[in-house]
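The chain contents come next:
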Amino acid sequence: MLEDPDDGLVARARAGDDDAFAELFRRHSDRVFRLALSILGRGYEGDAEDVAQEVFMKVHRTLPSFRGDSKVGSWIYRITFNHAVNTKARARFRKPHVDESVLSDVATSDPGPDASLATARRDRAVAACVATLPEVYQSALRLYYWMGASVAEIADVLELPENTVKSYLHRSRQLLDAMLKEKGYSHA
């Protein structure tokens with residue numbers, strides 16, 4: 001097995017080297033934020049920033065107990081995933097940060113307002129359909145399509161076999177396709 005490039009940083013950070021921990025933060029902070037935001041959704045950027053900060057505080061506090069059973073990045077992303085899912089569950093009881101008008105303000109490459117409106121409506125329909133899927137399906141889709149994670153990376157983060165991840169991706173695409181057809185949208 002190839003050595004994880006973060007292993008040296010982990011050893012140094014465990015020994016109290018703040019610069020090594022800062023480098024771990026630099027290497028992983030963008031992806032932690034994007035993973036948290038992929039779970040929380042647009043309009044929850046502030047919460048995603050809070051999740052990222054809390055994740056790195058936890059990583060700093062628990063790094064001495066990291067066993068090295070997986071890459072440190074995978075361990076950090078798993079902490080992020082769990083924390084973001086918990087935050088999302090709590091956020092459902094609060095008023096959203098933004099309303100639907102945000103989706104209609106998103107710039108598109110479509111030439112006219114009719115096309116922009118149609119795109120915004122389809123985007124809302126997709127988002128609504130995704131939100132009805134089981135959390136693990138939502139996470140697999142977001143990790144794969146938004147973050148560009150490989151099936152192996154998703155399997156590591158979600159602690160699932162790769163074939164299960166493939167099955168979840170396939171099944172969630174089928175469900176989305178059926179739900180969108182029911183709403184009057186066909187494959188484009």
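Look up: the structure comes first, before these words.
All of these numbers come straight from a predicted model, not from anything done at the bench.

Counting 47 residues, the largest nonpolar core has Leu63, Trp75, Ile76 and Leu143 as the members making the most contacts within it. Broken down by secondary-structure element, the contributors of at least two residues to this core are helix 1 (7-14), helix 2 (18-40), helix 3 (45-62), helix 4 (72-91), helix 6 (113-132), helix 7 (135-146), helix 8 (151-158) and helix 9 (162-182). With nine residues, helix 2 is the largest single contributor of residues to this core. When neighbours within four sequence positions are excluded, Leu63 is seen to be in contact with Val10, Ala13, Arg14, Phe21, Leu24 and Trp75.

A full pass over the atoms with the stated rule returns four aromatic pairs. The interplanar angle of 40° and the centroid separation of 4.7 Å between the aromatic rings of Phe66 and Trp75 together place this pair among those described as tilted. For the pair Phe66 and Trp75, a shared accessibility class is recorded, and that class is buried. Judged by centre distance (4.9 Å) and plane angle (85°), the ring pair of Tyr144 and Tyr145 falls under edge-to-face.

A separate point is the side chain of His28. Among the structural elements, His28 can be located in helix 2. Those residues in contact with His28 that sit more than four places away from it in its chain are Asp6, Phe56, Val72, Gly73, Ile76 and Tyr77.

Bringing unusual backbone geometry into the picture now. A positive phi angle, near 55°, is found at Glu159, a position not held by glycine. Within the element layout of this structure, Glu159 appears in the loop between helix 8 and helix 9. On the basis of relative accessible area, Glu159 is assigned to the exposed category, the value being 56%.

Calculation rules
- Residues numbered from 1 in each chain as written.
- Predicted model: local features only at pLDDT ≥ 70, side-chain atom pairs only at ≥ 80, totals over all residues.
- Heavy atoms only, no water.
- Core = buried A, V, L, I, M, F, W, Y, C linked by side-chain atoms within 4.5 Å.
- Buried < 20%, exposed > 50% of the residue type's maximum accessible area, 1.4 Å probe, protein only.
- Helix = DSSP H or I, 4+ residues; strand = E, 2+ residues; numbered from the N terminus.
- Contact = heavy atoms within 4.5 Å.
- Phe/Tyr/Trp six-rings, centres within 6.5 Å; stacked < 30°, edge-to-face > 60°.

Keep in mind these values describe shape, not function.
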